[in-house]
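Here is what each chain is made of, one letter per residue.
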Amino acid sequence: MKSAEKSFIQQRAMHVFNRFSVLAAIAGGMRTRRQIQNAAGLSWGTVSSCVRELAAENILTLSPELPENAFTVFPAADARNSYCFFNREKHLLAGVSVSADHLDLEIVTPDRETILSHTLQTGFLPDAAALKQALIRLFEETATAPEKIAYSVIALTGAFDRTGKIWLKTPHLPQVDKWDLAILSDSLPGEVIFEHDIISKARSVMMKRQDSGNDSAFIHWGNGIGLTICREGKFQEGHRGFAGEIGHLPYPAANNSTLETCASLTAAEVFAQKRQCPLDSPEVWEFLKPHILWCLSAVAGLFDPEVIVLGGEVPDLFPEKIGELSAELEKISWIPIHNELRFYSMNECNTASGAAFAAGEVLLANLAEMNNCQEK
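Described in the following lines is the structure provided in the data block. What you see is a predicted model, and the numbers here were worked out from it, not measured in a lab.

Section: the overall build of the protein chain
Next, step 1: Regarding its fold elements, the protein chain presents 11 helices and 17 strands.
Next, step 2: A total of 376 residues make up the protein chain; the buried ones form 50% of that total.
Next, step 3: Partitioning the contacts of the protein chain with sequence separation of at least 6, the portion at a separation of at least 24 is 65%.
Next, step 4: When the accessible surface of the protein chain is totalled, it reaches about 17,700 Å², and 51% of it is carbon and sulfur.

Have a look at this one:
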């Protein structure tokens, strides 16, 4: 890891721990900024900055009935557990990526150090009960103490209702048809969270990079084509917990079929087989390029992100060609393009770790029940 990247990650980790230090002090009965400063060992400026952020996120609020520099914490009504003091010795984060025939697990610390990676080959999973047993086996094989895992974040492909814990049918896993995932909540270590896989992919890449910006679009182009938008450092989601299935949009260039049908990795493989040429040949690139440009132009026109980050199995085939896209995008755009186009390789993308990284944000949102917040 480059020193600049390492420094960036360390700064992000320190920022998270500063927030938890402030919340730990509040849980311990400290109510004024000066009390928190003394208890947490932080500077006055750091405490004030953390207080402003936490208040803006409705995690704490200034109380009009107390002195100007005093405040109380807003608990989350539906929080199952919460931690004001959160470290690698006491609590770990588990991210799981669910694929058609295997599960990937990453155990990470709150400061995003990976301490364990494991893959379980599952074969065909017919229902949620089979997924439950596979997940239990996955955790058993890692021999990670369940009591140390605070949150298990499961990345799912396609659409799901996060509130109702229902996974809707997805073309990537055709055996899934409205699986009821509620049975997982009581069988896995820690609190169970479900997250869309494209957001997990984006988080895993962007947490490692300094050039992604806080206002960006992330596109993963492989067997599926997914999109997520990041505004002010937060990934945008729909009300069910997923968003950005741009690959399933009707696509006029394909006679109103979908973008994925004519331009995914699978479509490229079919094209290469028909032409009897290598998958990474110039012919395949020329076949795919107009479809990729259409997608980039649509994202730039709809969202005008500061940065567009593109990667996946398809761009990985053409590392020497994808630089052409910036100039081509400028030509076809109806307005001057001011979006920086950047690329990531598949070795930067880890869906399971990205899912685990999501838990830090959830922890802050779920802080509640002050009697459970004390470090034991």
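Quick look at the pattern of salt bridges
Next, step 1: Tallying each qualifying case throughout the model produces nine salt bridges.
Next, step 2: Notably, a salt bridge pairs arginine 231 with aspartate 215, separated by 2.6 Å at the nearest N-O pair. Within this pair, whereas arginine 231 is found in strand 12 (residues 225-231), its partner aspartate 215 is found in strand 11 (residues 215-221), the two being separated by 16 residues in sequence.
Next, step 3: Assessed through its relative accessible area of 23%, aspartate 215 is described here as partly exposed.

Points about the nonpolar core
Next, step 1: Counting residues in each nonpolar core, the largest one holds 33 residues, and the members touching the most others are Ile219, Trp221, Val284, Leu288, Ile292, Leu296 and Leu325.
Next, step 2: With nine residues, helix 8 (residues 282-303) is the largest single contributor of residues to this core.
Next, step 3: Setting aside residues up to four positions removed in sequence, leucine 296 forms contacts with Ile219, Ile308, Leu310, Leu325, Leu329 and Leu341.
Next, step 4: Counting residues in hydrophobic clusters, the runner-up holds 31 residues, among them Leu138, Ile154, Trp167 and Leu173.

Describing the pairing of strand 4 (residues 102-108)
Next, step 1: Counting buried positions along strand 4 gives five out of seven residues, so the element sits mostly inside the fold.
Next, step 2: With six bridges joining them, strand 3 (residues 92-98) and strand 4 adopt antiparallel strand pairing. The residue of strand 4 that forms the bridge with alanine 94 is isoleucine 107.
Next, step 3: Where strand 3 folds back onto strand 4 in an antiparallel hairpin, the turn is made up of three residues.

Focus on the sheet that holds strand 13 (residues 234-235)
Next, step 1: Read across the sheet, five strands follow the order 13-12-11-16-17 without closing on themselves; strand pairing throughout is mixed. In the strand order of this sheet, the two ends are held by strand 13 and strand 17 (340-344), each with one partner.
Next, step 2: Two strands pair when backbone bridges link them, and strand 11 and strand 16 (residues 307-311) are joined in this way by five bridges, in the parallel orientation. By the bridge assignment, isoleucine 219 is partnered in strand 16 with leucine 310.
Next, step 3: Lying on the sheet, helix 5 (residues 197-206) is in contact with strand 11, strand 12, strand 13, strand 16 and strand 17; it crosses strand 11 at an angle near 115°.

Regarding the packing of helix 7 (residues 265-275) against helix 8
Next, step 1: Closest axis-to-axis distance for the helix 7/helix 8 pair is 10 Å, and the angle between their directions is 135°. Viewed along their axes, helix 7 and helix 8 adopt a mutual orientation that is oblique. Handedness of the helix 7/helix 8 crossing: right-handed. Where helix 7 approaches helix 8, its residues Ala267, Ala268, Phe271 and Ala272 are matched on the opposing element by Glu283, Val284, Phe287 and Leu288.

Some words on the sheet that holds strand 6 (residues 149-156)
What links the strands of a sheet is backbone hydrogen bonding, and the strands pair in either a parallel or an antiparallel sense.
Next, step 1: Strand order in the open sheet formed by five strands is 5-4-3-6-10, with mixed pairing between adjacent strands. Here the strands that pair on one side only, and so sit at the sheet edges, are strand 5 (114-121) and strand 10 (191-196). Strand-to-strand twist across the sheet, computed as the mean angle between neighbouring axes with direction ignored, equals 20°.
Next, step 2: Summarising the sheet, strand 3 and strand 6 pair through six bridges and their orientation is parallel. Within strand 6, the residue paired with leucine 93 across the bridge is tyrosine 151.
Next, step 3: Packing against the sheet, helix 4 (residues 128-142) makes contact with strand 3, strand 4, strand 5 and strand 6, and its axis sits at approximately 135° to strand 5.

The rules behind these values
Residues numbered from 1 in each chain as written. Predicted model: local features only at pLDDT ≥ 70, side-chain atom pairs only at ≥ 80, totals over all residues. Heavy atoms only, no water. Helix = DSSP H or I, 4+ residues; strand = E, 2+ residues; numbered from the N terminus. Buried < 20%, exposed > 50% of the residue type's maximum accessible area, 1.4 Å probe, protein only. Contact = heavy atoms within 4.5 Å. Areas by Shrake-Rupley, 256 points an atom, 1.4 Å probe, with all protein chains shown as cover. Salt bridge = Lys/Arg side-chain N within 4 Å of Asp/Glu carboxyl O. Core = buried A, V, L, I, M, F, W, Y, C linked by side-chain atoms within 4.5 Å. Pairing = 2+ DSSP bridges. Axes fitted to C-alpha atoms, helices over the stretch in contact; angles between N-to-C directions. Parallel < 35°, antiparallel > 145°, perpendicular 65-115°, else oblique. Left-handed = near helix turned anticlockwise from the far one by under 90°.

Distances and angles like these do not, on their own, reveal function.
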